[in-house]
Every structure is written in C-alpha cells, then in structure tokens.
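# Overview (structure and organization)
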Amino acid sequence: MHVIYGGTFDPVHHGHLRLGLEISDALAVDRVHLLPCHIPPHRGNTGATSEQRLELIRLAINGEHRLCVDDRELHRAGASYTADTLRQLRAELGPEMPLVMVVGTDAFAAFDRWREWVDIPALAHIVVVQRPGAGIPVGSQAARLLAERSVPGPEALRASPCGAILQLNPPLLDISATGIRQRIASGRSPRYLTPDPVWQRIQSLRLYGACPAGNF
Ligand code: ATP
C-alpha cells in the first residue's frame, strides 16, 4: 500500500509530522510519503518557495524512516493538481497497488472544487482525518461521496487499489502553519511547534519575516 500525504507545508510542523506517524500506525504501513505542492491551486502565495518548503521537510524528517518526501510536484510547471499527481503515481505503481491519499476534513470539505475531483476515486483511496472545527457540510458533494464510499477499517483499503474512503480520528496537535507564520512575523518564537532544525533554517533564510537571531 502506497500512502501519500499532501499539503503546502508552509512550513512543516509537528502537527504534520505526528499525523504522519499516526497514519503509519493506523494503516500499518512502513512509510508515509509527504508530498509538498509546488504551487497550491486554492490559495494565495506561499511564504516560502517550494524548494525552501521541501528543504524544511527534509530537515524535519531526517532520521525518521517512516516518513519520506515525494518531490514530484516540484518537477511539474504550474499549479499542483492532485488528479495529475495521482495519475502519475498510478502509472508508476501499476493498476493493482492500493494507493491512499490522506487529507484533513478541512481540505476534504472542499473536495468538489478540486480539479477533476470526480476522477480521483478511480485513482486512489482517500483517508479523511477529522480536524477540530472542520466538519463536512451536510448535503455537500464531499458528504455524498463519503456516504457512498465509506469503509469501516484499513483492511478494506488493502482489498482494492482505489475507491474507498476511510475516516480516521487520531489524536492531533493543535498547530497550524498559519499560526507559526504569524508568530514569526510578530517577532515571537515558534520553538517546539516545529523541529529545531526547521526553525534554525527558517531564521538563516529569513523566511516569514524571521531575523537571523543566532539563538532561539
Ligand atoms: P495553513 O495554516 O497554512 O493552512 P496547515 O498547518 O493547515 O497550513 P497544510 O500544509 O495546509 O498545513 O496542511 C497539509 C495537510 O495537513 C492538510 O491535510 C491538513 O488538514 C493537515 N494538517 C495541518 N495541520 C495539522 C495538524 N496540526 N494535525 C494534523 N493534520 C494537520
């Protein structure tokens, strides 16, 4: 089973990293592939370039063999559309291998605004992680899809290559990249919200308005 977990990761933080390990445990997979987007289609400019965000992820997961990074979206020009990424992965993995895409409820609630979203269940399974405060609106396309395709446990994901939706409710850390960017921009430290090597590199690159403080 091949598991990808996409996002902007602007910057990566302990909430993302913990979720990666929770997913690895819950699905009993050896590896979860963090997949940073090059240009996010549904939001404004990022605070760091895709190369910088990728570098920060590499620093964050250094030494953790259950997390790895897939930089394929950085090699495609233009906006990063998930359907394109899944098609590329499906071509590489072959038609039989279960392919799983992890998304938070915040992202899944707007699923029908993703380009070619109707094609996605024919390419991958979806694991929807419950995030606090982010529900799936009753009557939405996302809710309908969930009702049609919901499966009770991870075994069902192994039984077919794509098409199922599994809801998970792992413990989550209350951390957001937005909160980290805001802290840095207002001169406060984001220490312990993201790994120290990430914060050090943010400072040395002066990302998000950081000063090269030389300490924490
Ligand atoms: P931002 O605050 O910039 O929107 P974010 O911290 O929510 O960023 P993203 O890169 O947008 O991070 O999220 C990537 C994926 O990680 C999404 O599916 C999102 O639901 C999930 N995610 C974000 N923060 C957490 C967290 N603290 N715990 C678990 N999952 C998270």
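This one's a predicted model, so the numbers in the text were calculated from it and none came from an experiment. (Residues numbered from 1 in each chain as written. Predicted model: local features only at pLDDT ≥ 70, side-chain atom pairs only at ≥ 80, totals over all residues. Heavy atoms only, no water.)

## Overview of the site of the ligand
- The local shell around the ligand holds 21 residues, among which Tyr 5, His 13, Leu 173, Ala 177 and Thr 178 are the closest.
- In the model, an oxygen atom of the ligand is placed 2.9 Å from a nitrogen or oxygen of the His 16 side chain.
- In the environment of the ligand, a nitrogen atom lies 3.1 Å from a nitrogen or oxygen atom belonging to the side chain of Arg 131.
- Here the ligand loses 90% of its free accessible area of 590 Å² to cover by the protein chains.
- Mapped onto the shell around the ligand, the elements with two or more residues apiece are β1 (2-7), α1 (14-27), β4 (99-104) and α7 (177-185).
- The residue inventory of the shell around the ligand, partitioned by class, reads 8 nonpolar, 9 polar and 4 charged. (Near = heavy atom within 4 Å. Polar contact = N/O pair within 3.5 Å; in protein donor to acceptor, adjacent residues only side chain to side chain. Areas by Shrake-Rupley, 256 points an atom, 1.4 Å probe, with all protein chains shown as cover. Helix = DSSP H or I, 4+ residues; strand = E, 2+ residues; numbered from the N terminus. Nonpolar A, V, L, I, M, F, W, Y, C, P; charged D, E, K, R; others polar.)

## With respect to the pairing of strand β2 (residues 32-36)
- Within β2, 5 of the 5 residues are buried, which leaves the element mostly enclosed by the surrounding structure.
- In β2, alternate side chains face the same way, and those of Val 32, Leu 34 and Pro 36 on one face and His 33 and Leu 35 on the other are all buried.
- Sheet topology places β1 next to β2; 4 bridges connect them, and they run parallel. Bridge pairing in β2 places Gly 7 opposite Pro 36.
- The parallel pair β1 and β2, bridged by α1, forms a crossover whose chirality is right-handed.
- Relative to strand β3 (residues 67-69), β2 is paired through 3 bridges, and the arrangement is parallel. Across the sheet, the residue bridging to Leu 34 is Val 69, located in β3. (Buried < 20%, exposed > 50% of the residue type's maximum accessible area, 1.4 Å probe, protein only. Pairing = 2+ DSSP bridges. Right-handed = clockwise from strand over helix to strand, strands pointing away.)

## What about the pairing of strand β5 (residues 125-129)?
- Where burial is concerned, most of β5 is hidden: 5 out of the 5 residues are buried.
- Here β5 shows two buried faces, one formed by His 125, Val 127 and Val 129 and the other by Ile 126 and Val 128.
- Bridge analysis of β5 against strand β6 (residues 165-168) gives 4 bridges, and the strand direction is parallel. Of the residues in β6, the one forming a bridge with Ile 126 is Ile 165.

## Brief notes about the sheet that holds β2
- The 6 strands lie next to each other as β3-β2-β1-β4-β5-β6, forming an open sheet whose pairing is parallel. The sheet is open, and its two borders are formed by β3 and β6, each paired with just one other strand. The average undirected angle you get between the axes of adjacent strands in this sheet is 30°.
- Contacting β2 and β3, helix α2 (residues 50-61) crosses the sheet at an angle of about 160° to β3. (Axes fitted to C-alpha atoms, helices over the stretch in contact; angles between N-to-C directions. Contact = heavy atoms within 4.5 Å.)

## Re the environment of Leu 99
- Inspection of the secondary structure puts Leu 99 in strand β4.
- When its relative accessible area of 0% is taken as the criterion, Leu 99 is described as buried.
- Residues Leu 99 and Gly 163, 64 residues apart in the sequence, show an inter-C-alpha distance of 9.5 Å.
- What Leu 99 contacts, discounting residues up to four positions off in sequence, is His 2, Leu 86, Leu 89, Arg 90, Leu 93, Leu 123, Ala 124, His 125 and Pro 161.

## Remarks on helix α3 (residues 82-93)
- Under the 1.5 Å per step criterion, the end-to-end length of α3 is 16 Å for 12 residues, consistent within 8% with the ideal 16 Å.
- For α3, the elements touching its buried residues are β1, β2 and β4.
- Immediately beyond the C-terminal end of α3, within one or two residues, lies Gly 94, with a positive phi of roughly 85°. (Expected span 1.5 Å × (residues − 1).)

## Remarks on the packing of aromatic side chains
- With the rule as written, the count across this model stands at 4 aromatic pairs.
- The interplanar angle of 35° and the centroid separation of 5.3 Å between the aromatic rings of Phe 108 and Phe 111 together place this pair among those described as tilted.
- Given the relative accessible area of 0%, Phe 108 is considered buried.
- A relative accessible area of 1% means that Phe 111 is categorised as buried.
- Taken together, the ring pairs connect Phe 108, Phe 111, Trp 114 and Trp 117 into an aromatic cluster.
- The residue whose ring lies beneath Arg 115 is Tyr 81, and the NZ or CZ to ring-centre distance is 3.9 Å. (Phe/Tyr/Trp six-rings, centres within 6.5 Å; stacked < 30°, edge-to-face > 60°. Lys NZ or Arg CZ within 6 Å of the ring centre and 35° of its normal.)

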